[in-house]
Amino acid sequence: MKVTDLQAYLLSAPLNEPFRTRIAIGEWVCYKQDCLIVRTHTDQGLSGYAAGPASANLAQLINRNLKSAVVNIDPVKIETLRKKVFGRRPQFPGLAQAFGLVEATLIDLRGKIEGRAASALLGTPLRRALPLLARSLMYLDSSHSVQEAMTMSEQGFGAYRFRLGLGW
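Asker: Which residues make up the side chain of Glu103, and what values go with them?
Answerer: Within the fold, Glu103 resides in helix α3 (residues 95-114). Under the relative-accessibility criterion, Glu103 is labelled buried at 18%. In contact with Glu103, other than residues within four places in its own chain, are Ile78 and Arg82.

This is the structure:
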């Protein structure tokens with residue numbers, strides 16, 4: 001089995017209505033939410049995926065610099081790839097983060113090949129239940145934080161992490 005393609009996609013989802021909130025220096029307005037999806041595809045039709053921060057620089061590093069190193073390799077030989085990538089000169093800012101995303105796709109792919117969970121491949125025990133933490137992605141004032149925390153509590157979350165934009 002060989003890797004035939006590696007691609008990083010910047011995705012953007014517009015919000016139905018702009019989210020507005022006051023922050024210490026004025027107003028913050030969010031019109032969309034963004035993320036980076038990385039896909040590794042093989043000649044046998046399997047694909048591995050990873051998600052990362054929305055960054056044009058990371059997408060460029062993956063699509064221009066790492067793609068040539070990854071295409072035509074055996075997807076389970078991650079250590080060989082790591083030596084190949086980090087043995088090169090020069091080292092680009094963000095290369096380690098970009099490689100981490102590519103490595104996550106290869107671990108996902110290896111799990112699919114072997115029929116095992118990624119946690120088993122990484123040597124961590126498989127969990128039957130995973131405690132989840134609700135988290136605000138946006139800067140909120142205190143009234144919005146309270147309202148959102150109550151909504152998350154009603155949905156069964158036992159903890160809520162928030163980002164205050166202005167005051168307590």
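Asker: With reference to specific residues and values, describe the environment of Glu79.
Answerer: Residue placement: Glu79 occurs in helix α2 (residues 78-86). We classify Glu79 as partly exposed; its relative accessible area is 43%. A C-alpha to C-alpha distance of 9.6 Å links Glu79 and Glu103, two positions 24 residues apart in sequence.

Asker: A description of the sheet that holds strand β3 (residues 47-52) should follow, citing residues and the corresponding values.
Answerer: Read from one edge to the other, the open sheet built from three strands follows the order β1-β2-β3, with strand pairing classed as antiparallel. Each edge of the open sheet is held by one strand with a lone partner, namely β1 (3-23) and β3. Ignoring strand direction, the axes of neighbouring strands in this sheet form an average angle of 20 degrees. Bridge count between β1 and strand β2 (residues 26-42): 16 bridges; the pairing is antiparallel. Looking across to β2, one finds that Asp5 is bridged to His41. Contacting β1 and β2, helix α1 (residues 56-70) runs over the sheet at an angle of about 170 degrees to β1.

Each value, and the rule that gives it
- Residues numbered from 1 in each chain as written.
- Predicted model: local features only at pLDDT ≥ 70, side-chain atom pairs only at ≥ 80, totals over all residues.
- Heavy atoms only, no water.
- Helix = DSSP H or I, 4+ residues; strand = E, 2+ residues; numbered from the N terminus.
- Buried < 20%, exposed > 50% of the residue type's maximum accessible area, 1.4 Å probe, protein only.
- Contact = heavy atoms within 4.5 Å.
- Pairing = 2+ DSSP bridges.
- Axes fitted to C-alpha atoms, helices over the stretch in contact; angles between N-to-C directions.

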